[in-house]
Amino acid sequence: MTETRGVWHLLLGNLTYNALPFYSAIAAFAAGLVVVGAISVFVLITWLGKWRYLWTEWFTSVDHKRIGVMYIIIAFIMMSRALIEAVLMRVQQAVAINSPGFLPPDHFGQLFSTHGTIMIFFMAMPFLTGLINYVMPLQIGARDVKFPLLNSISLWLTGGGAGLMMVSLVLGKFSTGGWSGYPPYTGIEFSPGVGPDYWIWAVSLSSIGTTLTGLNFATTIYKGRAPGMTLMRMPLFCWTSLCTSILMIFAMPPLTVATALLALDRYLGMHFFTNGMGGNMMNYANLFWLFGHPEVYILILPAFGVYSEVISAFSSKRLYGYTSLVCATMAIAILSFTVWLHHFFTMGQSANINAAFGIATMTIGVPTGVKVYDWLLTMFRGRVRFTPPMLFSLAFIVSFVIGGMTGIILATPPLDYMVHNTVFLVAHFHNMLIPGLLYGMIAGYQYWFPKAFGFRLNETWGRIAFGCWVVGFYLAFMPLYVLGAEGMPRRSQEVFDTAYRPWLLIAMIGAFILLAGLVSLFIQLRVSIRQRDSNRVFAGDPWDGRGLEWSVSAPPPEYNFAAIPTVTSRDTFAGQKERGQAYHPPKTYQDIEMPKNSAAGVVIGISGAACAFGLVWHIWWMSILGLILIWGTVIVRSFVRDIYKVIPAADVARTEARWLNHVANVRPVPRELETTLANKGLAESVA
Amino acid sequence: MRAPPRSRWPLGGLLLAFPLAGCHSAGRGFFAPRGPVAAADAHLFVVVAILMAIVVVPVFILTPLFAWRYRLGNAASPYRPKWDFSWPLEVLIWGVPTAIVISLGIILWRDTHRLDPYRPIASSVPPLQVQAVGLDWKWLFIYPDQHIAVLNELAFPADRPVHVSITSDTVMQSLLIPQLAGQIYAMAGMTTQLNLMADSPGQFIGENTQFNGMGFQNQKFTALALSPDDFNQWVARARASNTPLDAGEYAKVAEKSSVKQPVYFSAVQDGLFRQIIDHYHPVRTP
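The structure displayed is predicted, hence computed values, not measured ones.

Conventions adopted
Position numbers for residues start from 1 in each chain and track the written sequence from start to end. Written order determines the labels here, with chains lettered from A and ligands numbered from 1. Where local features are concerned, this predicted model is filtered to residues with pLDDT of at least 70; where side-chain atom pairs are given and counted, the filter is 80 or more; whole-chain, interface and lining totals use all residues. The side-chain numbers reported here are obtained from all heavy atoms of the structure, hydrogens and water having been left aside. Only DSSP runs of H or I covering at least 4 residues are called helices, and only runs of E covering at least 2 are called strands; the numbering of each starts at the N terminus. Stacked, tilted and edge-to-face are the three classes assigned to paired rings of Phe, Tyr and Trp, where Trp is represented by its six-membered ring and a pair needs centres within 6.5 Å; plane angles under 30 degrees give stacked, over 60 edge-to-face, the rest tilted. Only protein chains enter the accessibility calculation, which uses a 1.4 Å probe; a residue is then buried when its area is under 20% of its type maximum, exposed when over 50%, and partly exposed in between. For this analysis, residues touch if any pair of their heavy atoms sits within 4.5 Å. Accessible-area loss on putting two parts together, using a 1.4 Å probe and summing over both, is the definition of buried area adopted here. Salt bridge, as used here, is a side-chain nitrogen of Lys or Arg placed within 4 Å of a carboxyl oxygen of Asp or Glu. By the criterion applied in these results, polar contacts are pairs of N or O atoms within 3.5 Å in which, for protein atoms, one can donate a hydrogen and the other can accept it, and in which residues neighboring in sequence qualify only through two side-chain atoms. Criterion used throughout: strands pair if DSSP finds at least two bridges between them. Every axis in this analysis is a line fitted to C-alpha atoms, fitted for helices over the stretch in contact. Angles between the N-to-C directions lie between 0 and 180 degrees.

Enquirer: When you look at the environment of A:Q531 in this model, what are you seeing that I'm missing?
Expert: Along the chain, A:Q531 turns up in the loop between helix 16 (501-530) and helix 17 (572-578). C-alpha of A:Q531 to C-alpha of A:L457: the two residues are 74 residues apart in sequence and 9.0 Å apart in space.

Enquirer: What is the right way to read the environment of B:G73 from this model?
Expert: Along the polypeptide, B:G73 turns up in the loop between helix 2 (36-69) and helix 3 (87-114). The spatial distance from the C-alpha of B:G73 to the C-alpha of B:I184 is 56 Å, given a sequence separation of 111 residues.

Enquirer: Looking at this model, I keep getting lost on the packing of aromatic side chains. Mind explaining?
Expert: Ring pairs (aromatic) are described by centroid distance and by the angle formed between their planes. Following the criterion strictly, the structure yields 63 aromatic pairs over all chains and no others. Here A:Y182 and A:Y284 contribute two aromatic rings whose centre-to-centre distance is 6.1 Å and whose plane-to-plane angle is 85°, an arrangement assigned as edge-to-face. Here A:Y284 lies in helix 9 (residues 281-314) and A:Y182 lies in the loop between helix 6 (148-170) and helix 7 (195-223), a separation of 102 residues in the sequence. Judged by relative accessible area, which is 0%, A:Y284 ranks as buried. Seen in terms of ring centroids, B:W139 and B:F221 are 6.4 Å apart; in terms of plane orientation they differ by 70°. Their pairing is edge-to-face. Within this pair, whereas B:W139 is found in strand 2 (residues 138-143), its partner B:F221 is found in strand 10 (residues 220-226), the two being separated by 82 residues in sequence.

Enquirer: Is there a simple way to explain the interface of chain B and chain A in this structure?
Expert: Interfaces are often sized by the amount of accessible area the parts lose when they come together. Across the boundary between the two partners, chain B contributes 91 residues, which contact 96 residues of chain A. Of the roughly 8,600 Å² buried between chain B and chain A, counting both surfaces, carbon and sulfur atoms make up 72%. Linking chain B with chain A are three salt bridges. Residue B:D84 pairs with A:R318 through a salt bridge whose shortest N-O separation is 3.6 Å. Between chain B and chain A we count 25 residue pairs in polar contact (both at pLDDT 80 or more) in total. Counting only elements with at least two residues in the side of chain B that touches chain A, the list comes to helix 1 (9-21), helix 2, helix 3, strand 6 (173-177), strand 7 (181-186) and strand 9 (202-208) of chain B.

Enquirer: Just to check I follow, could you spell out the sheet that holds strand 3 (residues 148-151) of chain B for this structure?
Expert: Sheet strands pair by backbone hydrogen bonding; their relative direction is either parallel or antiparallel. Residue and element names in this part refer to chain B. Strand order in the open sheet formed by six strands is 8-5-1-2-3-12, and the pairing between neighbours is mixed. With partners counted over all chains shown, the strands left at the sheet margins are strand 8 (192-196) and strand 12 (263-265), one partner each. Strand after strand, the sheet turns through a mean of 20° between neighbouring axes, direction not considered. Taken together, the seven bridges between strand 1 (residues 128-135) and strand 5 (residues 162-168) define a ladder with parallel strand orientation.

Enquirer: Explanation requested: the pattern of salt bridges in the structure shown.
Expert: Once their charged atoms are close, side chains differing in charge can pair, the charge on each being opposite to the other. Residue and element names in this part refer to chain A. Per the counting criterion, the structure on display carries 23 salt bridges over all chains. When the shortest N-O distance is used, the salt bridge between K173 and D106 registers 2.7 Å. Taken as a pair, K173 in the loop between helix 6 and helix 7 and D106 in helix 5 (residues 105-139) lie far apart in primary sequence, 67 residues in all. Relative accessible area serves as the criterion here: at 33%, K173 is assigned to the partly exposed category. Residue classification places D106 among the partly exposed positions, given a relative accessible area of 22%.

This is the structure we're talking about:
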């Protein structure tokens, strides 16, 4: 990189035109796509004159529902990029057998690093945070999370991190150190470019946002429940949200510390993780996985919650073994802090240590196994309907236990010595994250979408997407188990054994089918929006739901509940419907106080991203300005006293009357017809 | 008669078979073991998979079975929407996995010790000592007793244990010879150890499995298990190379590069391995 001098260096730091990605046609094309995409979105919004609408209704909104939706939009955008990257890597490995293929090692290294970083931090995390944001307050009978502005700040910090990831595609090269960023490779000596800096700051923004989210959700669940909603009456999704939040609070700080120490090594020449001068990368491995293992459960627990809701709802039956499931969830949350060492059994610890951590890891298999059987027994003597969310849940159960089995294999240290760092490991964690986490997120998206937007998603495209996601997963990852057992290392840009070719070809086809699965989801959305008028479920209960979220209109009013409900049992809404107490307006309506919109989140998120960008390129004025803006915003905001708005009782009454009128006039739908136009969102009572 | 379940089970069964199918392939993984450690690992893999099947197979069967039998259209099946608990089932679903994990735990404890890479392999012959240095992007094997060294080829007599001391002179790496024994990391300034043995003469692939940069994919080496005579000849050939590995030569070797063919060194400066490690501890307190 040519040194910039004088005033330009002050202004632009190390950023020069050399940062543009002309080193590879594919990278240049991807960068072009990002730039053109960003410009088109900007032009389109301007042309439609929607900036004011977006600003007042979405960007500055502190409504948990809007924030939830925005999180999921981020997740889908980032998933698109990272899935295309996955396809590129699969194609490369399939063609690069004794040939260099079309991706140089440098580009391949960036691809697996961004793929992993995005899928974990900017796809999975926003997706689950979005779902929890949308659903959890509705399920516990709250009007918002406890700290609505903090929620917006978390969103925009995550958005800032995601933005930085996208910028890294255009300016400079990303890290080649993988999603775990192990030093000393990511240290300044071995990675002198800006790549690891992009990784450090993008992940830091996201992890700070996530820590705040965890605090917010946990507080909301502890202090924001409706009267009568005892902890043991909460829907299981709230329990898994609670456990995930607790894990976020305790697991994200080690990551923030690890990346901060790595940054000190890189920026100030310190020696926490360097080879010499007393540095020791084993400390990084411990810190990173002290975060990294609970992170696995941060990801999977909300999906477990979704499956619990979906399987119970589409089996028209109570969840089997509620207490058992709660205990299992809590047990998993606690045990997840006791197993981090299994990520580096091969670092030379004594057999006693490895065996102890191996056994601790296997112990997690017990509550997980219990959960699987609880879901099976929930279907037992039920009335199962094969809607897309349910199909995803069924595919999850079958596929997840395969991942569980390979997980136990990896937890056995002698076997881990053999398959660690091979594509067997890659197959295992994709087995947990695609059928485990992602099927759950998609199931949750399909299940709650009608609640959020007031119309059902297209069933046919939902089934096509399901087919693609299942077939694609098996084709893409089962071959990797075989190749891993054969000793094929992960992250190989080139392969030297022709015997691998058929397996790698199957895996490549699988990757394309997975991409088709994502495209099907987008087509489903497009088709559903077109047909929205015939698929409306304004009455709010399209699936004969059981939790409080189904007891309000779809989409719910800004204030969620006209009057805070009083809870007397589990499956509150199912009970109300049974007793004929559903859709009863309160005796009187009262003014409702709701938090006002605030630009603070946007300002902090953008300033955070600017600060991070400045740090990456050593543009110090930008970093300092970013920091000042963040602190300034926090200080200014703390002087703002007028932070609530009041929704007058008359408005509430009008909104509720419109909805209740509609409910009184639509025909209830029997379960057999719930996927047809007859479904207007009112469930026929099963007497 | 009910229609046969439209199940995902055949698919599931196939999947279970997939990794196990590896057992019979004449591959280069640990399912084609050529040494006692890899053989024990392959056996252990099957034992763990079978024990896990006790939990996993019922799920494969019951998921499609329950889903289909209790489908909405099947009025013949019982419907108990309020049934949500049973003590006997509870004992079963907690008890069986617990029992399996306890048995797996016992096996794990025993085998983690039995197959500890640090544990010398029992044999009447003393182990061959080898020192492995992970470099970008090749392996340097030093034979301290033979005073030779070689890049990207690890030769040793078959049926005699090999004790490998491992370090790195760059970023972290991981040494794996799948058909002989599991992997251990190589880290700068530190030593790790690996014991392995080949049952009979043969040629195996060895590799670094930990990504370490642009030449990572090329960092393969050949592990050669030889008859004692062949090994002696191999040593003689290395000595005949007439290239001594001194500090100057080592500095050249340690530079970033990939090595296609093995490179032999006829003599090695004493204590080179120790120096490579101590390089990272300039102030070592006694």
